Amino acid sequence: LVERAELGLDASSTMPKKDDKKGGKGGAATPPTRAQIFEALENKQFKLALELAPVAYGHWWSNLARENTAHVVVETFLLMFIIWLVFFKKAPKKGPSTELTKAEVDQLVDEWEPAPLVPKLTEAEQALTDSMMVVEAFDGHNVKLMYESKPKLNLVTFDFLGMSMRKELKEGARDTLNEYGCGSCGPRGFYGSVMPHIEIENNVKEFMGTEGAISYSDSASAVSSTIPAFAKKGDLLIIDSSVHEPIGIGADLSRSKIMYYDHNDMESLEAVLKKVATDDKRMGRNSLKQRRFIVTEALFRNTGELVDLKKLVELKKQYGYRLILDESFSFGAIGATGRGLTEYAGVPVTEVDIMVVSMAYSLGSIGGLSLGNVEVADHQRLSGAGYCFSASAPPFVSTAASMSLACLSQEGTTLMKRLQDNVTTVLAGVETTCKGNLAIVSHSSSPIIHLALAGGAAADFPERTMQMNILEATVEGCKALDLLITTSKTVKGEKAKGGKGPAAATLRIAVR
């Protein structure tokens, strides 16, 4: 009774005392409040709290029913559903047993035939696989092949300047290996950047005269990451139909709309650009709301031809496109000092919006670089897949590339003259030896020389498969003379002129 009196409760009721109104008449009993319940709990009066709680809850519920009937109905339904779900719902009946007997298991195992992980090779693909050569040793200009007793003169490497044979590069790479270790074990944007990576970026942008540069750990991923870093779904890529595989992969990864023009044909390119402009007018489409790029190689790996850069720049300005130029094979291979197609064609490097060069060929190292203005480089540090998600290049290969670039800066004129003299000598020898049987399809300044069947041989064997067989036999004949050359290789999906079928069958000779 004392406890109830202290809380303002009537001795015979769980309700608080009623307050007298004016006029001397008492009002209805006031329900207990939450404060009273909490006070009872604090005073450890648990029995009293249990008596007060249902009264308070019932009063709250009745008020809620008057004020918001729909809420009470929904809450009551949910409460009943939960009670039914927990206490009354019957578990689903188990179906018949699906366990197999030992005899059934043995039968299934005996009948199982695994599907091949890759499609079965065609006869031509199997023959190509069987003809692949394995290099056992590399010594300067010669290579030692497995199952061959004598070394062969190496005419297949893209190390055009012989940088990989320089003693000072090997010593510099060894010193960097001792200082930094083999790898950074992380992407560039996290903890994978070390000084050799920064140095090669600074050195190449100074050498080429661009504002920015960004390095990738692989030359192919430099191309296939640069394109989708700028072109996205809904954008437009107009691409030469004979570009090498990394450009095709980058274009596919971008999910942009892709249109091809005939290989190295500026008239075909202009026709495609005009068609897009005509469609814009017909559909009332604003060209400024779509990012548009022309993508091509400077020196084509598959044909050895050079693109008409001056005409290309003229068209991209006329129709409002950006130019992505892949100088992977032309950098350090053409131009008076090895600065690539822009130097050879006399076009300022600033006319090319985005340029990609390789460190794996003329620089004799590993990796690739993307060049342009500051925005082009910085944008890729957050959106270039090969930069953000691939481990950075081992520091010693970046040091080797920087040292190669220093050699090119100091000796570029001499090195390029020697390379062009060798190209001229090889072309003269081919014309003299193979006149009438083989035609030179590559550019006269290209160190990548492509030879196709000509004259009667081309007429007698018009199919590409037969031509490849003849050219592979030629490769074997040259190997017997201790000369190592190869045929042009393409992968499934690579397009040729007009986007129809694979590229033409050719022999490929790389001059160094």
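A.B. asks: An account of the overall build of the chain is needed here, citing residue identities and associated values.
C.D. replies: Along the backbone of the chain there are 19 helices and 15 strands. By the compact-globule yardstick of 24 Å for 512 residues, the chain is too spread out, its C-alpha radius of gyration being 39 Å. Expressed as lengths along the three principal axes of its C-alpha atoms, the size of the chain is roughly 130 × 70 × 65 Å. With 512 residues in all, the chain has 43% of them scored as buried. Considering only contacts in the chain between residues 6 or more positions apart, those separated by 24 or more positions represent 64%.

A.B. asks: Kindly report on a nonpolar patch on the surface, identifying the contributing residues and their values.
C.D. replies: A contiguous nonpolar patch, built from Val74, Phe77, Leu78, Leu79, Phe81, Ile82, Ile83, Trp84, Leu85, Val86, Phe87 and Phe88 and spanning about 1300 Å² of accessible area, is present on the exposed surface. Mapped onto the elements of the fold, phenylalanine 87 is located in helix α4 (residues 69-88). The exposed category is assigned to phenylalanine 87, whose relative accessible area is 62%.

A.B. asks: Would you mind going over the sheet that holds strand β7 (residues 292-297) in detail, with residue names and values included?
C.D. replies: Sheet architecture is open: seven strands sit in the order β4-β10-β9-β8-β7-β5-β6, paired in mixed fashion. Two strands bound the open sheet, and with one partner strand each, they are β4 (212-216) and β6 (257-261). With strand direction ignored, the average angle separating the axes of adjacent strands in the sheet is 20°. Both β7 and strand β8 (residues 322-326) contribute to a ladder of five bridges, which runs parallel. Of the residues in β8, the one forming a bridge with isoleucine 294 is leucine 323.

A.B. asks: Could you give me a rundown of the packing of aromatic side chains, with the residues and numbers involved?
C.D. replies: Evaluation of the coordinates by the stated rule reveals seven aromatic pairs. With 5.9 Å between their ring centres and 35° between their planes, phenylalanine 81 and tryptophan 84 make a pair best called tilted. Pair noted here: phenylalanine 81 and tryptophan 84 are both in helix α4, with a separation of three residues, about one helical turn. The class of tryptophan 84 is partly exposed, set by a relative accessible area of 40%. Between phenylalanine 329 and tyrosine 361 the ring centres are 4.6 Å apart and the planes differ by 15°, which places this aromatic pair in the stacked class. Taken as a pair, phenylalanine 329 in the loop between β8 and α14 (341-345) and tyrosine 361 in the loop between β9 (354-358) and β10 (368-372) lie far apart in primary sequence, 32 residues in all. Pair check on accessibility: phenylalanine 329 and tyrosine 361 agree, each one buried. An aromatic cluster of three or more residues is present, and its members are Phe158, Phe160, Phe329 and Tyr361.

A.B. asks: So what's going on with the sheet that holds strand β2 (residues 142-145)? Which residues, and what values?
C.D. replies: Across the sheet, four strands lie side by side as β1-β2-β3-β13; this open sheet has mixed pairing. Only two strands of the sheet have a single partner each, and these edge strands are β1 (135-139) and β13 (483-484). With two bridges joining them, strand β3 (residues 152-154) and β13 adopt parallel strand pairing. Within β13, the position partnered with asparagine 154 by the bridge is leucine 484.

A.B. asks: Got a sec to walk through the confidence of the model for the chain? Specific residues and values, please.
C.D. replies: Any residue range with low pLDDT should be treated as having predicted coordinates unsuitable for detailed reading. In the predicted model, the chain carries a mean pLDDT of 87, and 91% of its residues have values of at least 70. Within the model, the stretch residues 11-27 combines pLDDT values under 50 with 32 contacts to residues more than four positions away or in other chains. In this model residues 495-500 is a low-confidence stretch, pLDDT under 50, and it forms 14 contacts with partners more than four residues away in sequence or in other chains.

A.B. asks: Before we move on, could you go through the side chain of glutamate 201 and cite the residues and values that matter?
C.D. replies: The residue glutamate 201 is located in helix α9 (residues 195-208) in this model. Not counting residues up to four positions away in its chain, the partners in contact with glutamate 201 are Arg188, Ala213, Ile214, Ser215, Leu369 and Arg381.

A.B. asks: Help me get a handle on helix α15 (residues 374-383), residues and values and all.
C.D. replies: Within the sequence span of α15, burial applies to Val376, Ala377 and Gln380. For α15, the buried positions fall inside an angular range of 95° around the axis, keeping them on one side. For α15, exposure combined with an orientation more than 90 degrees from the buried face picks out Glu375 and Leu382. Where the residues of α15 are buried, they touch β4, α10 (219-230), β9, β10 and α16 (385-388).

A.B. asks: Give a description of the pattern of salt bridges that names residues and reports values.
C.D. replies: Where charged atoms from two side chains of opposite charge come close, those side chains can pair. One pass over the full model with this rule turns up 21 salt bridges. With its nearest N and O atoms 3.4 Å apart, the salt bridge here joins lysine 144 to glutamate 136. The partner of lysine 316 in a salt bridge is aspartate 353, with the nearest N and O atoms 3.1 Å apart. With lysine 316 in helix α13 (residues 309-319) and aspartate 353 in the loop between α14 and β9, this residue pair connects regions lying 37 residues apart in the sequence. Connected through shared salt-bridge partners, Glu148, Lys150, Lys152 and Asp482 make up one network.

Criteria and cut-off values
- Residues numbered from 1 in each chain as written.
- Predicted model: local features only at pLDDT ≥ 70, side-chain atom pairs only at ≥ 80, totals over all residues.
- Heavy atoms only, no water.
- Helix = DSSP H or I, 4+ residues; strand = E, 2+ residues; numbered from the N terminus.
- Rg over C-alpha atoms; globule rule 2.2 N^0.38 Å.
- Buried < 20%, exposed > 50% of the residue type's maximum accessible area, 1.4 Å probe, protein only.
- Contact = heavy atoms within 4.5 Å.
- Patch = residues over 30% accessible without salt bridge, like charges linked within 9 Å, V, L, I, M, F, W, Y side chains within 5 Å.
- Areas by Shrake-Rupley, 256 points an atom, 1.4 Å probe, with all protein chains shown as cover.
- Salt bridge = Lys/Arg side-chain N within 4 Å of Asp/Glu carboxyl O.
- Pairing = 2+ DSSP bridges.
- Axes fitted to C-alpha atoms, helices over the stretch in contact; angles between N-to-C directions.
- Phe/Tyr/Trp six-rings, centres within 6.5 Å; stacked < 30°, edge-to-face > 60°.
- pLDDT = per-residue confidence, 0-100.
- Arc of directions from axis to C-beta.

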